[in-house]
Amino acid sequence: MPFAAINGIALYYESHGSGPAIVFAHGAGGNHLSWWQQIPVFSQRFRCITYDGLGNGKSDRPEDTSAYTLDNYLSDALAVMDALKVEQAILIGLSFGGLLASILAAHHPERDGDDELTTPPPLNPALPSNGPERLHFPLRHPAADHHVALHEQHRDLAAQPL
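Residues numbered from 1 in each chain as written. Predicted model: local features only at pLDDT ≥ 70, side-chain atom pairs only at ≥ 80, totals over all residues. Heavy atoms only, no water.

Description of unusual backbone geometry
Where the residue is not glycine, phi is negative for most of them; where a peptide bond is considered, it is trans in most cases. Our working definition: Only protein chains enter the area calculation, which uses a 1.4 Å probe; residues under 20% of their type maximum are buried, those over 50% are exposed, and those in between are partly exposed. What counts as a helix is a DSSP run of H or I of at least four residues, what counts as a strand is a run of E of at least two, and both are numbered from the N terminus.
Phi at K85 takes a positive value of approximately 55°, unusual for a residue other than glycine. For K85, a relative accessible area of 72% puts it in the exposed group. Within the chain, S95 stands out as a residue other than glycine whose phi angle is a positive 55°. Among the structural elements, S95 can be located in the loop between β5 (90-94) and α3 (96-107). Given a relative accessible area of 31%, S95 falls into the partly exposed group.

Observations regarding the pairing of β5
Applicable threshold: The pairing criterion for strands is at least two bridges between them, as found by DSSP.
Of all 5 residues in β5, 4 are buried; the element is thus mostly enclosed. The sheet contact formed by strand β3 (residues 21-25) and β5 spans 4 bridges and is parallel. Following the sheet pairing, A25 is matched in β5 by G93.

Structure representation (structure tokens):
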């Protein structure tokens, strides 16, 4: 099974298809299987990378709760990209994974291959939390519509200091 190592932690990942890379980040409590319906569609045109974040799925589960930080979850995605020698990727995230994708794109723009598709959790009650209201991506497919959010608003929020 493929694993990427970061700070002594083994992170499970899978790679399907070929072409420009897409990294799929699952929501809290999810795993790489969260994307089982999207991978067959997207892998026809893209290299699709799914992974189990720290403490999820087949990845290691440290007992020390201080390991579960936002910085470490961001490092997970970068470690998987590095293990697969992916310099840039389209970032797609669901719920907590959408938040990670937005923050990763804001703080590491050199790794963001294009606009990300995200459905982050609501960060502000005045903002809509989900839905295909906006799509900044050259691909329009029904599978993508379920994972779309307001890109600029979430990117601007994610760029603000924590």
